[in-house]
Amino acid sequence: MTMDSVESQIAEWRAYVAKAPAVDGRDVDELEVHLRDRITDLTEAGLSPDEAFLVAVKRMGDLDALSREFAREHSGRLWKQLVLSGETEQPRTSSGWFEAFGFALAAGVVMQGARLAAGFPEEESMWLFRNLGLFVLPFLAGYFARRRRLDMRGWALTAAPFLFLALVINLYPYRVASHTEILVALHLPVVLWFAVAYPYMSGTIRSHERRMDFVRFTGEWVIYYVLIALGGGVLMALTALILEPIDPNLGERVIEWVLPSGATGAVIVAAWLVESKQHVVENMAPVLTMLFTPLFAVMLTVSAVTYAVSGAAGAFDRELLSVFDALMVVVLGLVLYAISARDPSRPARLMDRIQLIAVASALVLDVMVLGAMVARIGDLGFTPNRVAALGLNLVLLVNLAGAAWLSIRFLRGQVGFHHLERWQTSYLLIFALWTATVVTLLPPIFAFQ
Amino acid sequence: MHIDKDLVAASATPLVLAILAEEESYGYAILKRVRELSGGELEWTDGMLYPLLHRLRRLGYVTTEWRVPPEGRRRRYYAITKEGRAALEEQQRQWRTVTQALSDVMRGPSGLLMALGEA
């Protein structure tokens, strides 16, 4: 008779535990079995089922403290709930919408002003191109600094890299048609993106868990930005078509004005979406990884075999090396998506093996191309472009080789998955350093050619 | 006797690893073993064992498997790995040093243990 009431009490208790965001279904099962074991032991010792239930629940401990403890251990699961972090936090008025909009607007206005000052698109402006990142990403950094409520020191450290890089890249005396200037323009946004990591992580840049959160954020941000860009593209195209009968040039003029500010504002809007809509929309990264990892594995394996058989790697030029840089970046992106979306405690699965095949094939391809590239540099000497492309290639090669090595050991059960995570989160520093080197050191080394 | 919270927390990892080094086990049984080993002096809040076990799993010190024993409920079993054994050895080294130092200083001429022991 009382056993039934205990059953319903257990069900209630279970439902309450399951509400904690960081406790998943299997964990609730585990805790429930524990509770039942305890109740069994206590009833055998002579307690009534009701009493046993009460004691067992009491011994389980404070459920809020327990769910906090789970949250600390499984921060990845909380990703979906970042903004909902507990009822205790003050409710944000319209979840920071206004704040994000303000920063997006400011960035859009600054970008428009810069465009007008440079006379783009009538004139080709290297100045605008070179400074592009500086018109956008400081606002993103500011948005995070404000959102994370950084103190004065935090704000100063957030601003420092932006100020330093703005000075450096604008004081360098580039020559006419300078290659290093183009390299600076291409690498600066990446360096600045790493600078955004500081306010994003509230300054705790040593924490590997927070670094992983930043990787997750970057991945989801890319997805949101692409979605916004697609929508914006449709909007622009329709506008141009509708305005065409009035004046064939009107559509073009509108795009000229709207596109720069829109694309800039979207950077911050996408970041806001990632921050606030995470609990509404399931993470995209796992889905995309599942879809594309096998496809890339097939494509890369086929290419590697074709290259090896045909010996085509010998007949390549600089463009091909850039293609391979892009390929390695995409493969690295897949690896990072997979790692950030994976439950680190899950045992190895088929998908991990497929991913290893993709990485290994990419490595084989890259080594073949790299060999030919080094031979070419040996013949023709270094240029800024070759150094930048070769450097990036080497940095990526080492990263993927390390990842492949650790994957093999993980698949053999020799190391835990967190070693792979650690490798990637530690390596972020190398990426940041390399891109910063291209921006700050390469121009003077090559005399601003 | 009440054992200090920090001391309980610090000893939790080596204790759990050492218990799992004896044989694979599940949460409730691990708690019972802790109680047994400490003569009932070391009491944990039951729930807190699980975040700890999950941390050990993430670090690769233990592996888990759901299993139904011949008699009983479906449970998640934890087994120590090679890495876990290595971590345990390291912990043992550290604890030996700490306990050695403590017992040396407490057994000294004006030592605390002496006074307590004689009382």
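Residues numbered from 1 in each chain as written. Chains lettered and ligands numbered in written order. Predicted model: local features only at pLDDT ≥ 70, side-chain atom pairs only at ≥ 80, totals over all residues.

Draft legend 1. Up close: the overall build of chain A. Counting its regular elements, chain A contains 17 helices and zero strands. Of all 449 residues assigned to chain A, the portion counted as buried reaches 32%. Residue pairs in contact within chain A that sit at least 24 positions apart in sequence constitute 80% of those at least 6 positions apart. (Helix = DSSP H or I, 4+ residues; strand = E, 2+ residues; numbered from the N terminus. Buried ≥ 20, exposed ≤ 12 C-beta atoms within 10 Å, placed from the backbone. Contact = placed C-beta atoms within 7 Å.)

Draft legend 2. View of the interface of chain B and chain A. Each partner contributes to the interface: chain B provides 19 residues, whereas chain A provides 20 residues. Top contributing element to the side of chain B that touches chain A by residue count: helix α3 (residues 49-58) of chain B, with six residues.

Draft legend 3. Expanded view of the confidence of the model for chain B. Summary statistics for chain B give a mean pLDDT of 84 and a share of 89% for residues scoring 70 or more. Among the prediction metrics, the complex's ipTM stands at 0.83, with pTM recorded as 0.70. (pLDDT = per-residue confidence, 0-100.)

Draft legend 4. How the structure looks around the nonpolar core. In this structure, L140(A), V196(A), I268(A) and V331(A) are the most contacted members of the largest nonpolar core, which totals 78 residues. Ranked by residues supplied to this core, first place goes to helix α13 (residues 318-341) of chain A with 12 residues. When residues are assigned to domains, this core turns out to be shared by domain 2 (94-282) and domain 3 (284-449) of chain A, each giving three or more. Core analysis: the next-biggest nonpolar cluster, separate from the first, contains 30 residues, M60(A), L66(A), F70(A) and Y26(B) among them. (Core = buried A, V, L, I, M, F, W, Y, C linked by C-beta atoms within 7 Å. Domains from an automatic or database assignment.)

Draft legend 5. Main features of helix α4 (residues 63-73) of chain A. All names here are of chain A. Buried within α4 we find L66, S67, E69, F70 and E73. Taken down its axis, α4 places every buried residue within 155 degrees of arc, on the same side. Exposed and facing more than 90 degrees away from the buried side of α4 are D64 and A65. (Arc of directions from axis to C-beta.)

Draft legend 6. The arrangement of the environment of R36(A) in detail. Residue and element names in this part refer to chain A. Tracing the backbone through its elements, the reader meets R36 in helix α2 (residues 25-44). Here R36 falls in the partly exposed class, since 16 other C-beta atoms lie within 10 Å of it. Sequence separation of R36 and V57 is 21 residues, and the distance between their C-alpha atoms is 10.0 Å.

Draft legend 7. How the structure looks around the sheet that holds strand β1 (residues 25-26) of chain B. Sheet architecture is open: three strands sit in the order β1-β3-β2 (chain B), paired in antiparallel fashion. Every other strand in the sheet has two partners, leaving β1 and β2 (62-67) of chain B as the edge strands with one partner each. (Pairing = 2+ DSSP bridges.)

Draft legend 8. Molecular detail of helix α7 (residues 126-147) of chain A. All names here are of chain A. An ideal rise of 1.5 Å per residue puts 32 Å on 22 residues; α7 measures up with 33 Å between its terminal C-alpha atoms. If you look at α7, its biggest bend is around 40 degrees, right at L132. Just downstream of α7, R149 is the residue with a positive phi angle, here 50 degrees. (Expected span 1.5 Å × (residues − 1). Bend = angle between axes of the 7 residues up to and from the residue.)

Draft legend 9. Broad picture of unusual backbone geometry. Residues and elements named next belong to chain A. A positive phi is found at A177, a non-glycine position, where the angle reads about 50 degrees. The topology assignment puts A177 in the loop between α8 (152-171) and α9 (179-200). A count of 9 C-beta atoms within 10 Å places A177 in the exposed class. Notably, A447 is not glycine yet its phi reads approximately 55 degrees, a positive angle. Residue position: A447 is located in the segment after α17 (442-445). Residue A447 is classed as exposed on the basis of its 11 C-beta neighbours within 10 Å.

Draft legend 10. Representation of the packing of α4(A) against α3(B). At a closest axis distance of 9 Å, the pairing of α4(A) and α3(B) adopts a crossing angle of 10 degrees. Comparing their axes, α3(B) and α4(A) come out roughly parallel. Two secondary-structure elements touch here, α4(A) through E69(A), F70(A) and E73(A) and α3(B) through P51(B), H54(B) and R55(B). A breakdown of the residues in the contact of α4(A) with α3(B) according to their chemical character gives two nonpolar, one polar and three charged. (Axes fitted to C-alpha atoms, helices over the stretch in contact; angles between N-to-C directions. Parallel < 35°, antiparallel > 145°, perpendicular 65-115°, else oblique. Nonpolar A, V, L, I, M, F, W, Y, C, P; charged D, E, K, R; others polar.)

Draft legend 11. How the structure looks around the environment of E43(B). As for its placement among the helices and strands, E43(B) is situated in the loop between α2 (27-37) and α3. In sequence terms E43(B) and L31(B) are 12 residues apart; their C-alpha atoms lie 8.5 Å from each other.

Draft legend 12. Quick peek at the environment of F446(A). Residue and element names in this part refer to chain A. Looking at the secondary structure, you find F446 in the segment after α17. By the C-beta count within 10 Å, which is 18 here, F446 ends up partly exposed. In this structure, the C-alpha to C-alpha distance between F446 and T180, residues 266 residues apart in sequence, is 7.7 Å.

Draft legend 13. Just the pairing of strand β3 (residues 75-80) of chain B, in detail. Residue and element names in this part refer to chain B. Note that β1 and β3 share two bridges and pair antiparallel. Residue pairing across strands places S25 opposite Y78, the latter belonging to β3. The sheet contact formed by β2 and β3 spans six bridges and is antiparallel. Residue pairing in the sheet places E65 in a bridge with Y77 of β3.

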